[in-house]
Amino acid sequence: MQLGVIGLGRMGQIVAGRSLEAGHDVVAFDLDEEAVATAADAGAEPAESVVDLVERLESEGEREGEDEDGRKRIWLMVPAGPAVDAALDDLESHLEEDDVVVDGGNSFFKDSIRRAESCPAAYLDCGTSGGPASAAAGFSLMIGGPEWAYEDLTPVFDAVATGPDGHAHMGPEGSGHYVKMVHNGVEYALMQAYGEGFELLHEGRYDLDLESVAGVWNNGAVIRSWLLELCEEAFREEGSDLGDVADRVEGGSTGTWTVQEGLEQEVPVPLIYTALSERFGSRADDGRFSRRLANRLRYGFGRHEVPRRE
Ligand SMILES: NC(=O)C1=CN([C@@H]2O[C@H](COP(=O)(O)OP(=O)(O)OC[C@H]3O[C@@H](n4cnc5c(N)ncnc54)[C@H](O)[C@@H]3O)[C@@H](O)[C@H]2O)C=CC1
Ligand SMILES: O=C(CO)[C@H](O)[C@H](O)COP(=O)(O)O
């Protein structure tokens, strides 16, 4: 099968690479020429623009006679937001209704519904989990949109995912990115829970080797998981005190959408909200204001000593 891949960063290179390894033909484009060259080194046909990519898909199909249906299949792996709309604008006049576009990024599901309605081709919103660390194992893919398009792209999904069990059709347009949004909310809460537990162990009564704790928990404990394996790796590489890792957590968009959706649906998501709040709180340049105020108020009512900044 022939696939166009637009966006060749950490994730797009894996989409292209795994597709190539499975025997598919890949035409690749990124705004960054070096990223295109990397994909070309892996065996992809380089394109100079989105339009060039589409033209190469068309001519390649005719030349090879492989895809007799003449269908163009294009996977977007660009940052969520304006980059997706920019790529779709460039593609629009070159797409027909039996072509298929996959957005494998972390797009907001309402944007995906809007794009599916205006895209001339079938539009699959594909939540992608696993991250660059899963390049060798493959991803977990949660896919929304027309079922026929999902079935058509199944050979590519088999290649990009862990295999046939690593992808599934969720439902109509938007549902793939909706499921991925909630997945990320769960991810935030799990990270927060592990973080709190290890913080207590680190600050607590015993001088513990946290790599060892994570290691033994990962062997048979109720709370074993891949995130916990990543905790073990972090303590191994950074030490039990996490060395010079700063107390600032970036990201946040998918968690924000999850909390907003919880409010809209009147479904309580207090753990996810707390995890998101902790992230935002971590970003105060000079310590979190509410904590500083609590510190000073304890002096106000209790004459407790006020720790001061250096
Ligand atoms: N890194 C991760 O752990 C995961 C990322 N995602 C999602 O996958 C998408 C891509 O993520 P990454 O690969 O990590 O980002 P990245 O920043 O590593 O790569 C994005 C690539 O897109 C290119 N690009 C931007 N605008 C473009 C345009 N208009 N046309 C062509 N190329 C363009 C950039 O030059 C860059 O090479 C995002 O939506 C992200 O949220 C999803 C799951 C996991
Ligand atoms: O989707 C992912 C993992 O599943 C990406 O790594 C995403 O960037 C995580 O969200 P955030 O950047 O808000 O931490």
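All figures in this text were calculated on a predicted structure; none of them were measured in a lab.

Novice: Can you help me understand the UniProt feature "binding site: substrate" (unreviewed entry) in the protein chain in this one?
Specialist: In the numbering used here, UniProt assigns the "binding site: substrate" (unreviewed entry) feature to N106, S129, G130, G131, H183, N184, Y188 and R279. Restricting the annotated residues to those that line the largest cavity leaves N106. Secondary-structure assignment places G130 in the loop between β6 (122–129) and β7 (140–144). Contacts of G130, omitting those with residues within four sequence positions, involve F139 and W226. The residue N184 is located in helix α8 (residues 175–203) in this model. The contacts of N184, once residues within four sequence positions are left out, are N106 and T254.

Novice: Can you help me understand the pairing of β6 in this one?
Specialist: Here is the key point about a regular strand: its side chains alternate between the two faces of the sheet. Burial runs high along β6: eight of the eight residues are buried. The alternating pattern of β6 places A122, L124, C126 and T128 and Y123, D125, G127 and S129 on opposite faces, both of which are buried. For strand β5 (residues 100–103) and β6, the ladder comprises four bridges, and the chain directions are parallel. Looking across to β6, one finds that V101 is bridged to Y123.

Novice: Just to check I follow, could you spell out empty space enclosed by the protein for this structure?
Specialist: It is the rolling of a water-molecule-sized probe over the atoms that shows where space remains empty. Summed over the entire model, instances satisfying the criterion amount to one cavity of 30 Å³ or more. Its boundaries defined by the atoms lining it, the largest cavity holds a volume of some 30 Å³. Lining the largest cavity are N106, S107, H177, K180, M181, T254 and W257. Looking at the lining of the largest cavity, the elements that each hand over two or more residues are α8 and α11 (253–265). Here the lining of the largest cavity takes three residues from α8, the largest share from any one element. Of the residues contributing to the lining of the largest cavity, the split by class is two nonpolar, four polar and one charged.

Novice: Sorry if this is basic, but what is going on with the domain arrangement of the protein chain here?
Specialist: Accessible area lost upon the coming together of the parts serves often as the stated size of an interface. Here the protein chain is partitioned into domain 1 (2–173) and domain 2 (180–302). On a C-alpha basis, the centres of domain 1 and domain 2 stand 33 Å from each other. It is N106, F108 and F109 in domain 1 that bury the most area against domain 2; as a group they hold 48% of the surface buried on that side. Our enumeration of links across domain 1 and domain 2 arrives at one salt bridge. With a closest N to O distance of 3.3 Å, E264 and K110 form a salt bridge. Across the domain 1-domain 2 interface, the total number found is four residue pairs in polar contact (both at pLDDT 80 or more). Elements with a contribution of two residues or more to the side of domain 1 that touches domain 2: α5 (109–118) and β6. Top element by residues in the side of domain 1 that touches domain 2 is β6. It accounts for three residues.

Novice: What's the story with the nonpolar core in this structure? I'm lost.
Specialist: Here is a general trend for soluble globular proteins: nonpolar side chains tend to be buried in one another's company. Ranked by internal contacts, the top residues of the largest apolar core, which has 31 residues, are W75, L124, L141 and F157. Here L141 is in contact with W75, C126, G127, T128, F157, V160, A161, G166, H167 and A168, once residues within four sequence places are set aside. Counting 21 residues, the second largest nonpolar core, distinct from the first, contains V27, V50, V84 and V101.

Novice: What is the right way to read the confidence of the model for the protein chain from this model?
Specialist: Predicted coordinates in areas of low pLDDT are best not read in detail. Per-residue confidence for the protein chain gives a mean pLDDT of 94, with 96% of residues at or over 70. At the level of chain-chain contacts, confidence expressed as ipTM amounts to 0.99, with global pTM at 0.94.

Novice: I would appreciate a short explanation of α8 in the present structure.
Specialist: Because an α-helix completes one turn every 3.6 residues, residues spaced three or four positions apart along the sequence face the same direction. Given a rise of 1.5 Å per residue, 29 residues ought to cover 42 Å, and the 42 Å separating the end C-alpha atoms of α8 matches this to within 8%. Of the positions making up α8, those classed as buried are S175, G176, H177, K180, M181, N184, G185, Y188, A189, Q192, Y194 and F198.

Novice: Which parts of the structure should I look at to understand the pattern of salt bridges?
Specialist: Note on pairing: side chains with opposite charge can pair once their charged atoms come close. For the structure on display, the rule yields 15 salt bridges. A salt bridge links D69 to R71, with the nearest nitrogen and oxygen atoms 3.8 Å apart. For R71, a relative accessible area of 16% corresponds to the buried category. A single network of salt bridges, built from pairs that share partners, joins E58, K72, E96 and D99.

Novice: Hey, could you run me through the layout of surface pockets in this one?
Specialist: Considered as a void within the structure, the second largest pocket measures approximately 240 Å³ in volume. Lining the second largest pocket are F289, R292, L293, N295, R296, V306, P307, R308 and R309. Considered class by class, the residues forming the lining of the second largest pocket number four nonpolar, one polar and four charged.

Novice: Is there a simple way to explain the pairing of β7 in this structure?
Specialist: With four of five residues buried, β7 is to be regarded as a mostly interior element. As defined by bridge partners, β6 adjoins β7 across five bridges and the pair is classed as antiparallel. Following the sheet pairing, T128 is matched in β7 by L141. Here β7 pairs with strand β8 (residues 167–171) via four bridges, running parallel. Along β8, the bridge assignment pairs I143 with H169.

Calculation notes
- Residues numbered from 1 in each chain as written.
- Chains lettered and ligands numbered in written order.
- Predicted model: local features only at pLDDT ≥ 70, side-chain atom pairs only at ≥ 80, totals over all residues.
- Heavy atoms only, no water.
- UniProt positions renumbered as here; feature names shortened; annotations may be inferred.
- 1 Å grid on protein atoms, 1.4 Å probe; cavity = no way out; pocket = protein on both sides within 12 Å on 5 of 7 lines; lining within 4 Å.
- Helix = DSSP H or I, 4+ residues; strand = E, 2+ residues; numbered from the N terminus.
- Contact = heavy atoms within 4.5 Å.
- Buried < 20%, exposed > 50% of the residue type's maximum accessible area, 1.4 Å probe, protein only.
- Pairing = 2+ DSSP bridges.
- Points joined across faces, edges and corners; volume = space filled by probe spheres on them.
- Nonpolar A, V, L, I, M, F, W, Y, C, P; charged D, E, K, R; others polar.
- Domains from an automatic or database assignment.
- Buried area = accessible area lost by both parts, 1.4 Å probe.
- Salt bridge = Lys/Arg side-chain N within 4 Å of Asp/Glu carboxyl O.
- Polar contact = N/O pair within 3.5 Å; in protein donor to acceptor, adjacent residues only side chain to side chain.
- Core = buried A, V, L, I, M, F, W, Y, C linked by side-chain atoms within 4.5 Å.
- pLDDT = per-residue confidence, 0-100.
- Expected span 1.5 Å × (residues − 1).

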